[in-house]
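Letter by letter, the chains look like this.
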Amino acid sequence: MDKNIAIEVKELSKRYRNTETLAINHLSLEVESGEIFGLLGPNGAGKTTIISVLCNFITATSGEVMINGINLKSDADNIKKIIGVVPQEIALFPNLTAYENLRFFGNMYGLKGNILKEKIIQLIKTFGLANKAHQKIHTYSGGMKRRMNLIAGILHSPEILFLDEPTVGIDVQSRAVIIEYLKKLNELGTTIVYTSHHMEEAEKFCTKIAIIDMGKIIIEGSPAGLLRKYSNCYNLEDVFLEITGRSLRD
Amino acid sequence: MLKYLASTIKDFIILSRDKAGLAMLFLMPAALIIIMTLLQDSTFKALEEKKLPILVLNYDKDTFGINIVEGLKKSKFFKVTEQPDIGEQSENELKMQVAKGAFQIGVVIHKNATNVLRNNIKFNIVQLLPEKEDLIFGDEPLLLQNAAKIESYFDPITKNSFKQSITSALHEFSSAVEAKILFGIYSSLFRELLGMEIKNKANFTNLVEIESAYASINDEVIVVPNSVQHNVPAWTIFAMFFIVIPLAGNIIKERESGVSMRLRIMAGSNLPFILGKITTFFVVGLLQAATMLLIGVLILPLIGLPQLIVGDSYSALILLTASVALAAAGYGVVIGSIATSQEQSSIFGSISVVIFAAIGGIWVPVFIMSETMQLVSKFSPLNWALNGYYDVFLRNAGISEILYYVAMLMIFFLICICIAWYYNMSRKEN
Ligand SMILES: Nc1ncnc2c1ncn2[C@@H]1O[C@H](COP(=O)(O)OP(=O)(O)OP(=O)(O)O)[C@@H](O)[C@H]1O
Ligand SMILES: [Mg+2]
C-alpha cells in the first residue's frame, strides 16, 4: 500500500542571522499521515527551529518542505489552513479572558458565530476550564495556561498539528488530559509532530521518534525499534543519553 | 475583514482594561493643559500686550504726515514716540536712537511729502487731459517730482523677515493715505468744474486705517495666541503622540509573548493586526482630542481663564485632528516594530516625543524661539500639527489652508508604516 506522506523535508538548513552555526543542518525527514512523530533532543538541538520553519514562521536558509504535497515556499497560504501550532511559549493575551482569547483566534481562522461558540465551549469543557472561561488568562495557573495554549492551536481542527513541548511544567492530571486528548485527535486522523524532554511520555505516546542534536537527526525509528536496537538500554531515556552524551548544552 | 475587525475589538478590550495606560492618556494631558495654561497665562499676556516702540519724525506736518502719525498711534501694534523737529539734526538723532536699540523702528516723513504727493497726482491728472487743459491747476506747467516721502530705519538686530513685513505694512499704509489725498483732489476738481459733490466721502476717508497693515504684519511674523489658544492644542497633540508608549508596548508585548508567532502562522501577513491597532489607537487619539478641546471650551473658563476658541471650520478641525491621530499611531507602530524590548520602546518613545515636542514649540512657542530653532522646528510632526491648530483656531483657516499640514502628517504616517512593514518582513528572514 502506498504510504501517505504528510510532511516531507529535504536537505533543510537554517542559519540564524549573525550566527555561525546551523540551527538546522541539512536535515531530511518524512512524517506519514496519521503518525505521532516525536522530535526529541537536548536543549538547543533545533526542535523549535524545525517547527518554526515547518509552519512558516521563519524562512529556511536552504532546502525544501512539502506539506500534504504542497510546497511550503510557493504555496504557504494553502498550508496555513491545514496546520495547527501549539508554541513552546504560552501564546495568549494575558488581559483577555479564555473565551475572548479563543474567540479572537477562532476569528483569525475564519471561524465565527455559533459554530465557533460551540467549538469553544466544547473544548473548554474537555480541558476542565469551563468555570474559568470568563477569567483573564493572567489569573490562570501554569497548567491551565498550557491547556489553553493547546486549545488555541486546535480550534480549527487542523489536519497536521505541531506541538512544541505541550506538556512542559504541568502536573500529572493536566498531562494526562492533554495526552489523552491528543491521542483521540490522532485516532480521528490528525497527524501530530511533537517535541518533548519527557522521554517516558514520548515512549508511550509516539509512533515514531527522531532524536536530534545540533540540527541533525542522529537516529530515528519507532520507540520499540530503538529499544531493540540499543538492547543494553532499559528505556528511551537511556537511549537518549547514550546517543547524545552527557555534556550540558546551551 | 473578519481578521481586521476581530483584531480591532481585541485591542479595544485590552486597552480598556489597561487603567494605568488610559489614565496616562487622558488625565496627564488634562492636568498639563490646566497647569501649563495657568502658569503661562501672564507670560502670554505680556507677550500679547508688548507693543513695538517706534520713533517718528514728521517733517511734513501736512495731511500725509499727520495721517501717518495718527494711524500709527491708533494701531494696537506700535508704541509711537514723536521725535521733535529741531531742524537738520533731528534725523541724525532719530537714527542714533534706533541704532542704540531704544526704538526698534524709526520712521522719517520727509518735508513737503504732502505737497510732492499733491503735485504728482495733479501731474498725472493733467497727463490724462487734452493739451489745452494743462493749466487747469494753476499758471505754471507741472513737473513730476521724484522724492521719497517716507523712510524707515531698523534696529540692527531686527530680523529680516520682520523688517520686510514692517516695510510693506508702512508702504501699504502710506498708499492708503495717498488714496485719501487723491480723493480729495478729485472731489474738489469735480466741484469746481461740474459743481457736483461726490457722495460717500466718509467711506473713502475711513480707508486710512492701519489695521490692514497691522493684519499683514500678523500674517507674516507674529501670531500671538493667548495661553489657552496655545496650551490646549499643544498638550493635546503631545498627549496624542504619547499613545506611542502604550501602542509600541502592546506590539512588543505581543511579539515577546509568542502571540505574534501564533498570529503570523495563522494569518500569514500581520497587516490586519497592525491595521487593527492603528484603528484602535486612532480612535483613542480622537477621543483624547475631543476631551482636551472640551476642557478648553468648558472647564478653563470656570477657573478664570479665557475660553478656547476653536474657529469656524469644524471640518478642518476634524480633518487635522484625524491626521494627527494617524501620524501618532504610525509613529507608535514604527517604534513598536523597531524596538527590541519594552524598556527600549518606552524610553525611546517618550524621549523622542518630548524632543519632538520641545523643538516643535509645544513647551515654548516657536515664535519666541531663535531663528535657527524656528528652522529646526519645521522637522517636528508636532510642529506641523500645532501650526495647523493655530491656523484653524486663530486664523479661521478652512480645509484648503491646512492641507499642507495634513499632507505632511499623512506622509509621516505612510513613511512610518513602510518602515514598520520593512522591519516586520526582515524579522521573518532572520
Ligand atoms: N532567534 C534566534 N537567533 C539566533 N539563534 C537562535 C535563535 N533561536 C534559536 N537560536 C539558536 O538555534 C539553536 C536551536 O535552538 P532551538 O530553540 O531550535 O532549540 P530547541 O531544540 O528548541 O531547544 P529547547 O529544548 O531548549 O527548546 C540554538 O543554538 C539557539 O541558540
Ligand atoms: Mg524549543
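Just above, that's the structure.
What counts, and where the lines are drawn
Residues numbered from 1 in each chain as written. Chains lettered and ligands numbered in written order. Predicted model: local features only at pLDDT ≥ 70, side-chain atom pairs only at ≥ 80, totals over all residues. Heavy atoms only, no water. Helix = DSSP H or I, 4+ residues; strand = E, 2+ residues; numbered from the N terminus. Buried < 20%, exposed > 50% of the residue type's maximum accessible area, 1.4 Å probe, protein only. Contact = heavy atoms within 4.5 Å. Buried area = accessible area lost by both parts, 1.4 Å probe. Salt bridge = Lys/Arg side-chain N within 4 Å of Asp/Glu carboxyl O. Polar contact = N/O pair within 3.5 Å; in protein donor to acceptor, adjacent residues only side chain to side chain. Near = heavy atom within 4 Å. Areas by Shrake-Rupley, 256 points an atom, 1.4 Å probe, with all protein chains shown as cover. Phe/Tyr/Trp six-rings, centres within 6.5 Å; stacked < 30°, edge-to-face > 60°. Expected span 1.5 Å × (residues − 1). Patch = residues over 30% accessible without salt bridge, like charges linked within 9 Å, V, L, I, M, F, W, Y side chains within 5 Å. Donors = N, O, S within 2.8 Å, 3.2 Å for Na, K, Ca; no water. Core = buried A, V, L, I, M, F, W, Y, C linked by side-chain atoms within 4.5 Å.

**Q** Could you clarify how one ought to interpret the environment of B:P84 in this entry?
**A** Residue and element names in this part refer to chain B. Take P84: it is sitting in the loop between β2 (78-82) and α4 (89-100). The class of P84 is exposed, set by a relative accessible area of 53%. Taking the C-alpha atoms as reference points, P84 and V56, separated by 28 residues in sequence, lie 8.9 Å from one another. Dropping the residues within four chain positions of it, P84 is found in contact with L57 and S90.

**Q** Please clarify how the interface of chain A and chain B should be interpreted in this entry.
**A** Where interface size is quoted, it is often the accessible area lost as the parts come together. Counting residues at the interface gives 36 residues for chain A, matched by 28 residues for chain B. Summed over both sides, the interface between chain A and chain B buries roughly 2,900 Å², with carbon and sulfur atoms accounting for 64% of that surface. Of the charged contacts in the structure, one is a salt bridge between B:R17 and A:E100, with a shortest N-O distance of 2.8 Å. Counting every contact that joins chain A to chain B gives five residue pairs in polar contact (both at pLDDT 80 or more). For the side of chain A that touches chain B, the secondary-structure elements that each account for two or more residues are β6 (83-86), α3 (98-108) and α5 (142-154) of chain A. It is α3(A) that provides the largest number of residues to the side of chain A that touches chain B, a total of six residues.

**Q** Just to check I follow, could you spell out the site of ligand 1 for this structure?
**A** Residue and element names in this part refer to chain A. As a structural note, the neighbourhood of ligand 1 is formed by 14 residues, with G44, K47, T48, T49 and H197 the closest of them. Between ligand 1 and the protein, one listed contact pairs an oxygen atom with a side-chain N or O atom of N43 at 2.8 Å. For ligand 1, an oxygen atom lies 2.8 Å from a polar atom in the side chain of H197. Taking 630 Å² as the accessible area of ligand 1 by itself, protein coverage stands at 64%.

**Q** Help me understand the packing of aromatic side chains in this model?
**A** The description of an aromatic ring pair rests on the distance of the ring centres and on the angle between the ring planes. Residues and elements named next belong to chain B. One pass over the structure, following the stated rule, counts 15 aromatic pairs over all chains. An angle of 85 degrees between the planes, with centres 5.0 Å apart, marks the rings of W235 and W363 as edge-to-face. Separated by 128 residues along the polypeptide, W235 in helix α9 (residues 227-241) and W363 in the loop between α14 (342-359) and α15 (371-377) bring together distant segments of the chain. What makes W235 buried here is its relative accessible area of 0%. The class of W363 is partly exposed, set by a relative accessible area of 32%.

**Q** Would you mind going over α9(B) with me for this structure?
**A** Residues spaced three or four apart along an α-helix point in a common direction, a consequence of the helix completing one turn every 3.6 residues. Residues and elements named next belong to chain B. The terminal C-alpha atoms of α9 lie 21 Å apart, and with 15 residues this matches the ideal 21 Å at 1.5 Å per residue to within 8%. Summarising burial for α9: 15 of the 15 residues are buried, a large majority. Two or three places before V228, at the start of α9, stands the capping residue N226, its side-chain oxygen 3.0 Å from that residue's backbone nitrogen.

**Q** Would you explain a nonpolar patch on the surface in this entry?
**A** Together, B:L271, B:L275, B:W421 and B:M425 give the surface a local cluster of nonpolar side chains, amounting to about 350 Å² of exposed area. Residue assignment for the nonpolar patch shows that the elements contributing at least two residues are α12 (271-299) and α17 (399-429) of chain B.

**Q** Teacher, can you tell me more about the pattern of salt bridges here?
**A** It is possible for side chains of opposite charge to pair when their charged atoms get near one another. Inspection of every chain in the model, using the stated rule, returns 13 salt bridges over all chains. A salt bridge links A:D77 to A:K80; its shortest N-O distance comes to 2.7 Å. Taken together, the residues A:D77 and A:K80, both in helix α2 (residues 76-82) and three residues apart, mark about one turn of the helix. Judged by relative accessible area, which is 48%, A:D77 ranks as partly exposed. By relative accessible area, A:K80 is classed as buried at 16%. The salt bridge involving B:D62 is made with B:R118; its shortest N-O contact spans 3.6 Å.

**Q** What is the right way to look at the coordination of the magnesium ion (ligand 2) in this model?
**A** Ideal donor angles around a metal are set by the shape: a four-donor tetrahedron calls for 109.5 degrees, a six-donor octahedron for 90 or 180 degrees. All names here are of chain A. Donor atoms from the polypeptide that coordinate the magnesium ion (ligand 2) comprise T48 (OG1) and Q88 (OE1), at 1.8 to 2.2 Å from the metal. With T48 in helix α1 (residues 47-54) and Q88 in the loop between β6 and α3, the pair connects residues that are 40 residues apart, well separated along the chain. Among the residues examined, T48 registers a relative accessible area of 31% and is labelled partly exposed.

**Q** Looking at this model, I keep getting lost on the nonpolar core. Mind explaining?
**A** Nonpolar side chains tend to gather and get buried jointly when the protein is soluble and globular. Membership of the largest hydrophobic core comes to 69 residues, with the highest contact counts inside it found for B:I237, B:F241, B:Y331 and B:I362. Mapped onto this core, the elements with two or more residues apiece are α2 (19-49), α9, α10 (244-257), α12, α13 (314-338), α14, α16 (381-394) and α17 of chain B. Sort the elements by how many residues they give to this core and α13(B) lands first, with 13 residues. Filtering out sequence-adjacent residues up to four positions away, B:F241 remains in contact with B:V324, B:A327, B:A328, B:Y331, B:V353, B:P381, B:L382 and B:F412. Among the nonpolar cores identified, the runner-up in size contains 61 residues, and A:F93, A:F104, A:L129 and B:I13 belong to it.

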